[in-house]
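# Structural overview for review
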Amino acid sequence: MTVVTAGSTTPAPAPAGRPRATGRGRLVLARLLAARGAVVGAVLILLLFALAFGGPYLTPWDYATPDFTALHQPPSAAHWFGTNGVGQDVFAQTVRGLQKSLIIGLLVALFSTVLASLVGACAGYFGGWADRALMFLVDLMLVFPSFLIITVVSPRLRSSGWIAFVLLLALFNWMITARVVRSMTISLREREFVRAARFMGVRPLRIISRHILPNVASFLIVDATIAVGGAVMSETALSYFGFGVRPPDVSLGTLLAAGTSEAPVFPWMFYFAAALLVLFVLAVNLIGDGLRDALDPTAGGAPRRFRRFRRSGSATRSSRSTPSSSSHSSRSSRPQRRRP
Amino acid sequence: MTTTAVETPLLAVRDLRVDFAGPHGPVPAVRGVDLTLRRGETLGIVGESGSGKSVTALSVLGLLPATARVSGSVRLDGRELVGLPGRDLAAIRGRRIAMVFQDPLSAFTPVYRIGDQIAEAVRVHQRVDKPTARRRAAELLDLVGIPAPDRALDSFPHEFSGGMRQRAMIAMAVANQPDILLADEPTTALDVTIQAQVLDVLRTAQRETGAALVLVSHDLGVIAGTADRVAVMYAGRVVETAGVDALFEAPRHPYTLGLIGALPRLDGRGGALVPIPGTPAPMAELPPGCPFAARCPLAEERCSTAEPALGGDGGHQAACVRSAELAERRPAPSEVYPVPELPDAPAAGPADHSSRAPVLAVSGLGKTFPLLKGTVFKRRVGEVYAVDGVDLDLREGETLGLVGESGSGKSTTLFELLRLGAPETGRIELLGHDTARLTRAEAQRLRAQLQIVFQDPMASLDPRLPIGDIIAEPLRAQRAPREEIARRVPELLRQVGLDPDHAARYPHQFSGGQRQRVSIARALAVRPKLLVLDEPVSALDVSIQAGVLNLLQSLKAELGLSYLFVSHDLSVIRHLADRVSVMYLGRTVEQGEVSAVFDRPRHPYTRALLSAVPLPDPAAERARDRILLAGDPPSPTERRTGCPFRTRCPLYARLTEAADRARCEQERPALDGDRADADHRAACHHPEDSSD
Amino acid sequence: MLRYLAKRLSYYAALLIAAVFLAYAISAGALQPRTYFDAKLPRPSAESVERQLTALNLNDHTPVVERFGHWAGGLLHGDLGRTIHDTPVTDDFGRRVWVSLRLLLLGSLLGTVLGVVAGAWSAVRQYRLSDRLLTVASFVLLSTPVFLVALFLKNGAIAAKDAAGHEVIPFTGYETPGLTGGIGAHLADWALHLLLPTISLALGGLATYSRYQRGIMLDVLGSDYLRTAEAKGLTRRRALLKHGLRTAVIPMSTMFAYSFLGIFTGAIFTETIFGWHGMGEWLIQSINEQDVNSVVAINLFTAVVVLASGFLADTLHAALDPRVRS
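Residues numbered from 1 in each chain as written. Chains lettered and ligands numbered in written order. Predicted model: local features only at pLDDT ≥ 70, side-chain atom pairs only at ≥ 80, totals over all residues. Heavy atoms only, no water.

This paragraph deals with the side chain of Asp388(B). All names here are of chain B. Within the secondary structure, Asp 388 sits in strand β14 (residues 379-395). Using a relative accessible area of 12% as the deciding quantity, one classes Asp 388 as buried. A polar side-chain atom of Asp 388 sits 2.8 Å from a polar atom in the side chain of Arg 668. Excluding residues that lie within four positions of it along the chain, Asp 388 makes contacts with Leu 365, Gly 366, Gly 586, Arg 587, Arg 639 and Arg 668. (Helix = DSSP H or I, 4+ residues; strand = E, 2+ residues; numbered from the N terminus. Buried < 20%, exposed > 50% of the residue type's maximum accessible area, 1.4 Å probe, protein only. Polar contact = N/O pair within 3.5 Å; in protein donor to acceptor, adjacent residues only side chain to side chain. Contact = heavy atoms within 4.5 Å.)

Take a look at the structure:
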């Protein structure tokens, strides 16, 4: 006889059939590894980072020192990616430029995501005038073409170097994310666990840090990942026109600018940098997409349509008085980041 | 109509199996279901969530998503439907078999007018021109009782109320005089009075078209009142099938027996419910043998080796090795299932009530919301009178049930209480403190005395925190020392029947009932005096609900708590509460001791509400007089003079004296307190005091 | 509905005023027209520089607010001030705006329509080969900045020219200078010149929109109302077209509001790369010449177009979705 008595005093048995005590991190990792695109992206990123930071030690050439014996040379054993018009090694330059672009991309994504989450969470949680003022600011900044402002302002910041450029890019890159965070916060604020915390007397800033931000974290992680790609594209585009990174610094953008006019004749000066740029952004986007699926809190690892069906099937009675908590999967709640 | 054994059934489902693609291979949802439906009859399919009842209904029409694999046979008048090409199936859908879905808001395309969507259903199968289809749509809306059908044709789905949408859905389903109506939880999202209307419409539609009805529901009461025959599903199989009377009278499967015992009833009260232990078997990894064996008090050795087939005499079949024994012995649920001993609560009588210390006293509470229009520059265009005169009186050690349908202002009342601020109008006194006079520090201290348990245990627990931290949160908010938190958390987990070792787990690792226990533990953490329970069991399955209700009862007795128990489910209130307060349109319309209010309701709304609750007893259901309320509650944006219930009041409609009518039209009724029985009060000018 | 749109309009007007003032302040503060005159050869006298700056309303000794007031006063009469070469800004503006709009409208229209179609189709064929190919293609496109796409196309055209010995597809300018012939020849010439810039603009939009539309459409595919439509007896195909797609385009209208800026920024690059004398090229040129009034005029242009597309999006949204109308 297998009689289980679940009175009020005996511990109820743990649900069978569920993975026992699996950490969330491990679950996400398992799902991520199951997504082929994300794995490809991660491998690509690792290789590119290895190239960017290990590359300079592989070649005897320095990115700035010219080799006057080799001008406009195609790729060879001595100069793997060839040389440019003044005899600089294109491999050394590309690797150096990749390094700079990666750092800029990561920093911009970091800064803009932090800013976006703060503004969005505060606007969404406090509502009222704070919300309206912050959203007016967001709209205002969306009306400006960020490119225009950056191009106007960046010559004045020339002396402060590329860090100022990073801040400038971040400053014009947070608005759409902030909007999404805000709308997610608004729906979270009405969720019962946030209400419960409020009724228990937990203070607003603590609610934001303990309940709101962790619950938008998966969106933020995905968004920041994709923002890295967007920032790198912005950087290269601006640098291409001479408004971003400037000599003596090199980035992928300055390399592309230098190589463009000669691309039909000396393709190695252009296409290596172009290919690395596309590969990097592609890898970042693939990881972002994989993460989005892996972090989706509604995901059980099953294909999407199956999930939807099961959810609607089992939500029988809870629909009575719960306001439909809007989908927190970020899949369709925001567009892919536009690139310049 | 006479049926002979050789007649081909209208619909015959044989060995239906449905698998869904899962991460680790296919997961079964339906595992060999046999069903037979005869012309004109009503078949009820009942089961808890995940039992496969909805999937069964959907697979009849081939409406499952592409990831589902269906095998077996579904024959309509002898014609095989499984594997039929899409075009042929489309000709049957809506024409021979029509479907009514659960959630009528999402089931209508939001961008098309109701009339166009119904007319479309007509024109898919009948060669008629647009004006004819539109006229037909208006007739159908009229049939299901939608007022001013010509105007309703041009409404968009979001402009209809839930009940209206479900009526329109039924109108659309019967547009082509189908032979079979499949209704998948058609009343689940609706209030009881609206549910009663919709079930009535469904019966009317069935009568008008002569269609057979398959009614899928989790609600035994709905099934008992509507079905001719019933199939009970568990873990993707039919475990018992019988005529409705036989099934409820003498169930032959322990699961059916448990379900009936777990249900709190409107016509009985008190004591412990019969919980079915454990949780439903996981479909992804079913054990060998009977899937119910792990929860079954009658399980034997052989139950865990082979799964019993559906057997028994022709009319009444059960899939249990001991069904013959059950058929013969006819035990009560409590004779089979272990029932927990509940500690004796101090008896609460009406005389007792006034002598107890008051915990919560609310009088004349009012709360309005500005009705805003516009997206950016909002302007006030009116007021929503969400709460408009609520009186509550809760004494120490009591449970006060707060009953009302959606929109009655229950939730707003709760939030006003929990805010611990000055109410817009009226007065709230909590444990002797007038909340309008509290300082911030006092309010923060008082918060510890008042805790809440929400409806949806998934939504009320932060998915990103381990349950140990969740339970500790109110302690931290009250700045409890670290050692106390470390000591309290395991203690609380044990108290609500959970394993203290599970404190590091996350909410998603628990079942619904267990999550609700976590929620209760959190509320108890700061040793409150008053627990506000906002629909605490309405998101749970019946078998799980019973365990949580039992827990609440024993905690109350052990800890001397008072409960303010909010629910739309009158059976649960009847079972648990000592006193009850009924709300309609933001006002308290009747209050008193539970047995007094339920047995001798004085307000016509309470009477209607009680009569709308379906009883899980077919005989009693048939014998009952039903008071159907007309229409939906009026919008709370208008504050009419006179009695707000007048528009739907059957009593008012029967009044003949002009003076009596005028009183209802002009004078707002207040709770009467000048009768002999001053405890049982109703806000009606013509309360029904004469016993009938 | 009209009231709803009027509300949006007044909000946009407030945004526009704030945006234009800020743009003016930033441009006037960051650009240094004085250096332009100081760098002239022969170097003009200090008084002459001062006089010219004042005449052009560019003198940094005058407070920004005052300069803005002067500029805004002119704006009310349709005067955008004078360029640093002392010609009316409106002249340049009038000439260039049509060049740019031609490209912008065609590029965004093509990108949107093709993107929506591709995305919806991709969703319906989820996990099949065509979906996978489209997904890979859109990911690669999303990862390629517009200026690179434009450069690839241009390099391709150059290679084609070198291979064929004559220009196959034009890659500079928006018309062949000195072309003779009737209106038909001119139109054909225009269309040919539009080809590469439009493709480079549209591809970006196509990739973005198709991913977005695919996501929305997947949500719609699992929706209850699509199931209802099928339960009524509509074939899957008709249900998808009539009920699915119709609902799935609604969110796209809001998306449209955000998209214009990206397209405009993209156009700056394409114009420069393909040698179009449009607003984008003008911007780069004016910044390099420290020409405040021209930069502000371009800002005004983009702000107006962004808000106009936002308003169009609102109108479209209200027209498509009865739920926002009430």
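What follows continues from the structure just given.
Another point: the environment of Trp98(C). Mapped onto the fold, Trp98(C) is located in helix α5 (residues 89-124). Expressed as a C-alpha distance, the spacing of Trp98(C) and Ala231(C), which sit 133 residues apart in the sequence, is 51 Å.

Before going further, it helps to spend a moment on the interface of chain B and chain C. Chain B puts 29 residues into the contact, and the matching count from chain C is 25 residues. Our count for the contact surface shared by chain B and chain C stands at 3 salt bridges. Between Glu120(B) and Lys232(C) there is a salt bridge, with its nearest N and O atoms 2.7 Å apart. Summed over the shared surface of chain B and chain C, the number is 11 residue pairs in polar contact (both at pLDDT 80 or more). Where the side of chain B that touches chain C is concerned, the elements lending two or more residues are α2 (86-92), α3 (104-107), α4 (114-125) and α7 (162-173) of chain B. (Salt bridge = Lys/Arg side-chain N within 4 Å of Asp/Glu carboxyl O.)

On to the nonpolar core. Counting residues in hydrophobic clusters, the biggest one holds 187 residues, and the most contacted among them are Leu11(B), Ile97(B), Met99(B), Ile180(B), Ile520(B), Leu570(B) and Phe598(B). Looking at this core, you find at least three residues from each of domain 1 (41-60 + 91-230) and domain 2 (350-589) of chain B. The residues touching Ile97(B), leaving out its near neighbours within four places in the chain, are Leu11(B), Val60(B), Leu61(B), Leu76(B), Leu81(B), Ile92(B), Pro178(B), Ile180(B) and Leu182(B). Val232(A), Leu151(C), Leu283(C) and Leu300(C) belong to the second-largest nonpolar core, a separate cluster that totals 131 residues. (Core = buried A, V, L, I, M, F, W, Y, C linked by side-chain atoms within 4.5 Å. Domains from an automatic or database assignment.)

Our focus in this paragraph is helix α7 (residues 146-164) of chain C. All names here are of chain C. The terminal C-alpha atoms of α7, which comprises 19 residues, lie 27 Å apart, in line with the 27 Å expected from a rise of 1.5 Å per residue. Taken together, the buried positions of α7 are occupied by Val 146, Phe 147, Leu 148, Val 149, Ala 150, Leu 151, Lys 154, Asn 155, Ala 157 and Ile 158. The positive-phi residue at the C-terminal boundary of α7 is Gly 165, with phi of around 90 degrees. (Expected span 1.5 Å × (residues − 1).)

Overall, the coordinates contain 55 salt bridges over all chains when judged by the stated rule. Here Asp131(C) and Arg214(C) are joined by a salt bridge, their closest N and O atoms 3.0 Å apart. With Asp131(C) in helix α6 (residues 129-142) and Arg214(C) in helix α8 (residues 183-221), this residue pair connects regions lying 83 residues apart in the sequence. Here Asp131(C) matches Arg214(C) in class, with each residue buried. Salt bridges sharing common partners tie together Arg39(B), Asp77(B), Arg96(B) and Asp179(B).

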